[in-house]
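# Structural overview
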Amino acid sequence: MTKQTESSYAAGEPILEVRDLVKHFPLTQGVLFKRQVGAVKAVDGISFDLYPGETLGIVGESGCGKSTVAKLLMNLEAPTSGTIRYKGEDITKLSGRALKAVRRNIQMVFQDPYTSLNPRMTVGDIIGEPFDIHPEVAPKGDRRAKVQELLDVVGLNPEYVNRYPHQFSGGQRQRIGIARGLALRPEIIVADEPVSALDVSVQAQVVNLMERLQDEFGLSYMFIAHDLSIVRHISDRVGVMYLGKMAEIGSDEEIYEHPTHPYTQALLSAVPVPDPEAEGRRERIVLEGDVPSPANPPSGCRFRTRCWKAEARCAEEVPLLAIPAPFEEAESGAAHPSACHFAEERAAVVAV
Ligand SMILES: Nc1ncnc2c1ncn2[C@@H]1O[C@H](COP(=O)(O)OP(=O)(O)O)[C@@H](O)[C@H]1O
Ligand code: SF4
Ligand SMILES: [Mg+2]
C-alpha cells in the first residue's frame, strides 16, 4: 500500500498537505475527579500546502498556535481532527515502523539553542544522536566522520566534535541545532523561530546558512517567526496566523506588497523601514488591546476585537480563507486567500 501511495506522488505536487487541522488542549478542573471545563483552541482549523524546495514562512504573535502546528507536523502532538498528508499519505494515522520512516524525513530545528541542546553531551553526541534511532543512516564506525562532515557543512570546525554546548556562542549553537536537524538527510525542516533568540547581527548569518543548505540539499522549509521582517528574506510564500487560524496566505510579493487582511497590514506597519525618509512617511497602525484567550476566542472573525474595520457581520460570520470576491478576477497581487469579509488593499502600508 505504501508503494502505491509513493508512486502516486508526482513531482510538482505538495510534499505536505495540511487540511482543517485542529488541536484543542482540554482545560480540566478538580483534583480527584477531573472534569473538562473547556479547551484551549490552540489550532482551530488551518489548511496549507508545502511544495518541494520551497520555504513557507509562518508568522504571528506569541500564543497564536505556531509551535503547536510545528509539533503536529512532527507528530509530537496528536491532532484533535484534520489531516496532514506527506506525499499523499495521512501521517496522523501512522504508527510503528511507518511512522518512524516518515519522521526521518521531517526534522525540526528549535527556537532556543540554549535550552534545546543537552549541556552534558558533547557536540558530537548531540549531532549524532539521531543515528541511534536510525542506525541505517550511519553505522557505528562511520559516525564520527559523519558528524564531522555535518559540522563542516554548517560552517563549524570539525575538530570541535568533543566540545560542549557552553563553549559555543548563540549563533554557533544554532548551527549545531541545524547540523542535528540535517543528520538524517530529511526532505523537510520545520524551524520554529530558529533565529528569534539570536542577536540581530547573527540572525542574518543563520538565515543565510539555512538558504545555502536548502539549495545544497533540496530541502523544503517551514520557517516560523513572530515578525514579518525576518521571514521576508527566506520565504517564497508566507502564512499569517492569528489565534489558531490562518488570516492570510500568499507569495512573499502578495503578502508584503498587496496585503488585504487588516491584521497583516497592522503587522507590516510595525516593521521598521531602513530608509529614514520612507520611515517618516509611513503610516503606523497601532493595534489596541491584547490577543484574546484561545480558550474563549471571539465569535465570527477572531480578529474583530482589535480590528478598526469590524462591523456587525464580523461578529456573526466566520470569514473563510479564500480569494476575496472583489479580487477574484483581478490580475493583481491582491488575488490571494485572505480571511476577511471586507478585504481591501491598503496602499503604502510600508514604503519598501
Ligand atoms: N500542552 C499544552 N496544554 C495546554 N495549552 C497549551 C499547550 N501547548 C500550547 N498551549 C496553548 O496553546 C496556545 C498556542 O501556543 P503555541 O502553539 O505555543 O503558540 P506560539 O508558538 O504561536 O507562541 C497558547 O495559548 C498556549 O498556552
Ligand atoms: S472580517 Fe471584519 S473583523 Fe475580521 S479582519 Fe475583516 S473587517 Fe476585521
Ligand atoms: Mg512558539
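An unreviewed UniProt entry lists the protein chain under the name Dipeptide ABC transporter ATP-binding protein, from Streptomyces diacarni. Within the UniProt record for the protein chain, the comment given under Sequence similarities (unreviewed entry) is "Belongs to the ABC transporter superfamily."

## Remarks on the pairing of strand β3 (residues 55-59)
Across the five residues that make up β3, a large majority, five, are buried. Here β3 shows two buried faces, one formed by Thr55, Gly57 and Val59 and the other by Leu56 and Ile58. Summarising the sheet, β3 and strand β8 (residues 220-225) pair through five bridges and their orientation is parallel. Bridge pairing in β8 places Leu56 opposite Met222. Pairing of β3 with strand β9 (residues 237-242), which is carried by four bridges, proceeds in the parallel orientation. By the bridge assignment for β9, Leu56 is matched with Arg237.

## Here we look at the site of ligand 1
All residues adjacent to ligand 1 are Phe25, Val40, Ala42, Gly60, Ser62, Gly63, Cys64, Gly65, Lys66, Ser67, Thr68 and Pro294. When contributions to the shell around ligand 1 are tallied by element, the ones reaching two or more residues are β2 (35-50) and α2 (66-73). A per-element tally of the shell around ligand 1 places α2 first, with three residues. Classifying every residue of the shell around ligand 1 gives five nonpolar, six polar and one charged.

## What to know about unusual backbone geometry
Even without glycine at this site, Asp20 takes up a positive phi of about 50 degrees. One can find Asp20 in strand β1 (residues 16-29). Look at Asp20 and you get exposed, because 12 C-beta atoms sit within 10 Å. For Glu193, which is not a glycine, the phi torsion comes out positive at approximately 50 degrees. Within the fold, Glu193 resides in the loop between β7 (188-192) and α8 (200-217).

## Examining the sheet that holds strand β10 (residues 245-251)
The sheet built from six strands is open, its strands ordered β6-β7-β8-β3-β9-β10 with mixed pairing. Two strands lie at the open edges of the sheet, namely β6 (106-109) and β10, each paired on one side alone. The average undirected angle you get between the axes of adjacent strands in this sheet is 15 degrees. With respect to the sheet, α2 is in contact with β3, β6, β7, β8 and β9, its orientation differing from that of β7 by roughly 155 degrees.

What counts as what
- Residues numbered from 1 in each chain as written.
- Chains lettered and ligands numbered in written order.
- Predicted model: local features only at pLDDT ≥ 70, side-chain atom pairs only at ≥ 80, totals over all residues.
- UniProt positions renumbered as here; feature names shortened; annotations may be inferred.
- Buried ≥ 20, exposed ≤ 12 C-beta atoms within 10 Å, placed from the backbone.
- Helix = DSSP H or I, 4+ residues; strand = E, 2+ residues; numbered from the N terminus.
- Pairing = 2+ DSSP bridges.
- Near = placed C-beta within 6 Å.
- Nonpolar A, V, L, I, M, F, W, Y, C, P; charged D, E, K, R; others polar.
- Axes fitted to C-alpha atoms, helices over the stretch in contact; angles between N-to-C directions.
- Contact = placed C-beta atoms within 7 Å.

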